[in-house]
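Spelled out from the first residue to the last, the chains are:
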Amino acid sequence: MIHLPRLYAVADGAFGDPVRLAMELFEGGASLVQVRHKSATSRMLITEVETVLRNAPGNARVIVNDR
C-alpha cells in the first residue's frame, strides 16, 4: 500500500504560475503537490506538469487536477 502525506499543497494557476508555485512548495518541504490550472489549455497544462516533474525532488509526488 502506498502511504501519502496527510496534508499536501496545491499549486493553483489562479494564484500565479503553477510551476513557480510548485517549485517554491517543494523548496519549502512539501513532498506532495497538486498542480491545477483551470484556465490553461490542455497543452499548456501538460507543459507545466512536465516542467514540474523534471524539476521536482526525487522523493516528490505530483497530482494533476482539472483534466
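Computed from a predicted model, the values in this text were never measured in an experiment.

Asks: Explain the pattern of salt bridges to me, please; I cannot follow it from the model alone.
Replies: For side chains bearing opposite charge, pairing can occur when the charged atoms are close. A complete count under the given rule lists two salt bridges for this structure. Linking Asp-12 and Arg-36 is a salt bridge whose minimum nitrogen-to-oxygen distance equals 3.4 Å. With a gap of 24 residues between them, Asp-12 in strand 1 (residues 9-12) and Arg-36 in strand 2 (residues 32-36) connect regions that are remote in the sequence. Of the two residues, Asp-12 and Arg-36, neither departs from the other in class, the shared state being buried. Arg-20 is the partner of Glu-24 in a salt bridge, and the nearest nitrogen-oxygen pair spans 3.0 Å. In this pair, Glu-24 and Arg-20 both sit in helix 1 (residues 18-27), four residues apart, roughly one turn of the helix. The partly exposed category is assigned to Glu-24, whose relative accessible area is 41%.

Rules used throughout
Residues numbered from 1 in each chain as written. Predicted model: local features only at pLDDT ≥ 70, side-chain atom pairs only at ≥ 80, totals over all residues. Heavy atoms only, no water. Salt bridge = Lys/Arg side-chain N within 4 Å of Asp/Glu carboxyl O. Helix = DSSP H or I, 4+ residues; strand = E, 2+ residues; numbered from the N terminus. Buried < 20%, exposed > 50% of the residue type's maximum accessible area, 1.4 Å probe, protein only.

Remember that the coordinates give geometry; whether it matters functionally is a separate question.
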